[in-house]
Amino acid sequence: MSNFKTYNGKKVVSRYLIDNELQKPEQKIIKILGDQLSDIKMLVIGVGGGRTSFHFAEHVKEYVGIDYAENKIKGCQRKFDFQKSTITFQVMDVRNMTSLNSNYFDFILFSFNGLDYISHQDRILALNEIKRVGKSSAKFLFSSHNIYSIPSLYKLSFSANPCKLLNRIRKLLTVVFINGSLEKYKKTPYAVINDGAHSFKLKTYYISPKEQLNQLKSVGFHSIETYSIMNGEEISLEDINNIEDPWIYYLCKIM
């Protein structure tokens, strides 16, 4: 399950470099952290084009942005010509962060579903590495694709515009051709599918909220909260398996 070539490509990098908007759950975490920001050592994994850097980098005690795509890190270094030694961008893979000290960061953000573009086995490896570099009680925020949103990929939304409608039909047919029947995704806790992202060049990990909670607990994360990508509001754990948001944000603490 390698998506590296796509993420390191010039066209994809250029798209990420122009995006500077925080998603609603990320806006929420800024409010939660509040006055603590100035004392926080922050790690952003999958920093991409520095989408979150505008909002965090100059406000925290230390900011480290990492990405395994070298072209994205080069883009960030050009985009953010910071003079502060407390802000750095480094080429690094979340599965192997041995150059980072253990028990060091106060807040870790895995940006924009980045965890969903590695294999299941590597996902667990990444979560363990994240736990290692975070302090005890450090906060970890990430988003992940919701398996209960897969049916929406198999639906055709009508458009009065013939060109748009034709493109939607083509995309639907391609989704079915590549991934097969929707039925096989209805009873599995997680699945890797090609959902059409970046012109069908990526394989994406989708997971049920219940299974994601179990993953986090098994690795050693606790005090887990979930947030809707649609409105940024917290989702109760009682309702989490009834949510069809395309992805869900998880905020937790390291033991």
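A brief report on the enclosed structure follows. Numbers given to residues run from 1 along each chain, matching the order in which its sequence is written. Two thresholds apply to this predicted model, a pLDDT of at least 70 for residue-level local features and 80 or more for giving and counting side-chain atom pairs, whereas whole-chain, interface and lining totals are computed over all residues. With hydrogens and water excluded, all non-hydrogen atoms of the structure serve as input to the side-chain values.

## Considering the overall build of the chain
No. 1: A run of DSSP states H or I qualifies as a helix once it reaches four residues; a run of E qualifies as a strand once it reaches two. Both are numbered from the N-terminal end. Helix and strand counts for the chain come out as 10 helices and 10 strands.
No. 2: A compact globule built from 255 residues should have a C-alpha radius of gyration of about 18 Å, and the chain, at 18 Å, falls within 12% of that.
No. 3: The C-alpha extent of the chain, read off along each of the three principal axes, is 50 × 40 × 30 Å.
No. 4: A 1.4 Å probe rolled over the protein chains alone gives each residue an accessible area, and that area as a share of the maximum for its type sets the label: buried under 20%, exposed over 50%, partly exposed in between. Among the 255 residues that make up the chain, the fraction classed as buried is 49%.
No. 5: Contacts spanning at least 24 positions in sequence make up 72% of the contacts within the chain whose residues lie at least 6 apart.
No. 6: Here the open area of atoms and residues is found with the Shrake-Rupley method and a 1.4 Å probe, where only the protein chains shown may cover a residue. Total accessible area on the chain is roughly 12800 Å²; 51% of this is exposed by carbon and sulfur atoms.
No. 7: Taking the average place of the 34 positive charges on the side chains of the chain and the average place of its 25 negative ones, the gap between the two points comes to 7 Å. In this treatment the radius of gyration is a C-alpha quantity, and the globule benchmark scales as 2.2 Å times the residue count to the 0.38 power. Contact between two residues is taken to exist if any of their heavy atoms lie within 4.5 Å; hydrogens are not considered. The positive count covers Lys and Arg only, the negative count covers Asp and Glu only, and His and the chain ends enter neither. Just so you know, the charge point we use is NZ for Lys, CZ for Arg, CG for Asp and CD for Glu.

## So, the pattern of salt bridges
No. 1: A pair is scored as a salt bridge if a Lys or Arg side-chain nitrogen falls within 4 Å of a carboxyl oxygen belonging to Asp or Glu. With the rule as written, the count across this model stands at 9 salt bridges.
No. 2: Among the ionic pairs, Arg51 bridges to Glu26, the shortest N-O distance being 2.6 Å. Pair noted here: Arg51 is in the loop between strand 1 (41-45) and helix 4 (53-56) and Glu26 is in helix 3 (residues 24-33), with a separation of 25 residues, a long-range link.
No. 3: Its relative accessible area of 5% is what places Arg51 among the buried residues.
No. 4: What makes Glu26 buried here is its relative accessible area of 1%.

## Looking at the environment of Thr52
No. 1: Of note, Thr52 is situated in the loop between strand 1 and helix 4.
No. 2: For the pair Thr52 and Leu125, spaced 73 residues apart in sequence, the C-alpha separation works out to 24 Å.
No. 3: Not counting residues up to four positions away in its chain, the partners in contact with Thr52 are Leu22, Glu26, Val44, Tyr63, Leu109 and Ser111.

## Things to note about a nonpolar patch on the surface
No. 1: Here a patch means residues that are over 30% exposed by relative accessible area and free of salt bridges, tied together within 9 Å if like-charged and within 5 Å if nonpolar (Val, Leu, Ile, Met, Phe, Trp, Tyr). On the surface, Leu156, Ile169 and Leu173 cluster together to form a nonpolar patch covering roughly 260 Å² of accessible area.
No. 2: As for its placement among the helices and strands, Leu156 is situated in the loop between helix 7 (150-153) and helix 8 (162-179).

## Some thoughts on the nonpolar core
No. 1: Counting residues in each nonpolar core, the largest one holds 32 residues, and the members touching the most others are Leu43, Ile45, Met97, Ile108, Ile130, Phe140 and Phe221.
No. 2: Those elements that provide at least two residues to this core are strand 1, strand 2 (62-67), strand 4 (105-110), helix 6 (120-133), strand 5 (134-146), helix 10 (209-219), strand 8 (221-228) and strand 10 (247-254).
No. 3: For Met97, the contacting residues outside a window of four places in its chain are Leu43, Ile45, Ile66, Met92, Glu129, Ile130, Arg132 and Val133.
No. 4: Leu33, Cys76, Phe89 and Leu251 belong to the second-largest nonpolar core, a separate cluster that totals 25 residues. Only buried residues count toward a nonpolar core, which is a set of Ala, Val, Leu, Ile, Met, Phe, Trp, Tyr and Cys residues joined through side-chain atoms within 4.5 Å.

## Re empty space enclosed by the protein
No. 1: Buried and open spaces are told apart on a 1 Å grid over the protein atoms alone, a cavity being a set of points where a 1.4 Å probe fits but cannot get out and a pocket being an open set with protein on both sides within 12 Å along at least five of seven lines. Residues with an atom within 4 Å of a point are the lining residues. Grid points are joined across faces, edges and corners, and a volume is the space filled by probe spheres set on the points. Taken as a whole, this structure holds 1 cavity of 30 Å³ or more when the rule is applied.
No. 2: In this structure, the largest cavity spans a volume of roughly 330 Å³.
No. 3: Forming the walls of the largest cavity are 23 residues, and the residues nearest its centre are Gly46, Asp67, Tyr68, Phe110 and Gly114.
No. 4: Class assignment for the residues of the lining of the largest cavity results in 12 nonpolar, 5 polar and 6 charged. The residue classification treats Ala, Val, Leu, Ile, Met, Phe, Trp, Tyr, Cys and Pro as nonpolar and Asp, Glu, Lys and Arg as charged. All others, Gly included, are polar.

## Examining the packing of helix 6 against helix 10
No. 1: Lines fitted to C-alpha atoms define the axes here, with helix axes fitted over just the stretch in contact, and angles between the N-to-C directions of these axes take values from 0 to 180 degrees. It is the contact of helix 6 with helix 10, at a shortest axis distance of 10 Å, that shows an interaxial angle of 50 degrees. Viewed along their axes, helix 6 and helix 10 adopt a mutual orientation that is oblique. For the element pair helix 6 and helix 10, the recorded crossing hand is right-handed. Two secondary-structure elements touch here, helix 6 through His120, Arg123, Ile124, Leu127, Asn128 and Lys131 and helix 10 through Gln212, Gln215, Leu216 and Val219.
No. 2: In terms of residue class, the contact of helix 6 with helix 10 is built from 4 nonpolar, 4 polar and 2 charged. When an angle is under 35 degrees it counts as roughly parallel; over 145 it counts as roughly antiparallel; between 65 and 115 it counts as roughly perpendicular; any other value is oblique. By convention the crossing between two helices is left-handed if the near helix lies anticlockwise of the far one by an angle smaller than a right angle, and right-handed if it lies clockwise.

## Here we look at the packing of aromatic side chains
No. 1: Stacked, edge-to-face and tilted are the three classes for Phe, Tyr and Trp ring pairs, Trp counted by its six-membered ring, which pair at centre distances within 6.5 Å; planes under 30 degrees apart are stacked, over 60 edge-to-face, the rest tilted. Taken as a whole, this structure holds 13 aromatic pairs when the rule is applied.
No. 2: Ring geometry for Phe80 against Phe89: centres 5.8 Å apart, planes inclined by 25 degrees, an arrangement best described as stacked. The pair Phe80 / Phe89 is uniform in exposure class, with both members buried.
No. 3: Note that Lys72 overlies the ring of Tyr16, its terminal NZ or CZ placed 4.0 Å from the centroid. Either the NZ atom of lysine or the CZ atom of arginine qualifies as a charge over a ring when it sits within 6 Å of the ring centre and within 35 degrees of the ring normal.

## Description of the environment of Gln90
No. 1: For Gln90, the position within the fold is in strand 3 (residues 87-91).
No. 2: On the accessibility criterion, Gln90 (28% relative accessible area) is partly exposed.
No. 3: Once the C-alpha coordinates of Gln90 and Glu244 are considered, the two residues, 154 residues apart in sequence, prove to be 35 Å apart.

## Quick look at the layout of surface pockets
No. 1: Its volume calculated, the largest pocket comes out at about 500 Å³.
No. 2: Considering the residues around the largest pocket, the lining is formed by 25 residues, among which Leu153, Lys171, Asp195, Ala197 and Trp247 are closest to the centre.
No. 3: Only helix 2 (10-17), helix 7, helix 8 and helix 9 (197-200) provide two or more residues apiece to the lining of the largest pocket.
No. 4: A volume near 180 Å³ is recorded for the second largest pocket.
No. 5: If you go around the second largest pocket, the residues you meet are Ile147, Tyr148, Ile150, Pro151, Leu182, Tyr185, Lys186, Lys187, Thr188, Pro189, Ser208 and Glu244.
No. 6: Residue classes in the lining of the second largest pocket are distributed as 7 nonpolar, 2 polar and 3 charged.

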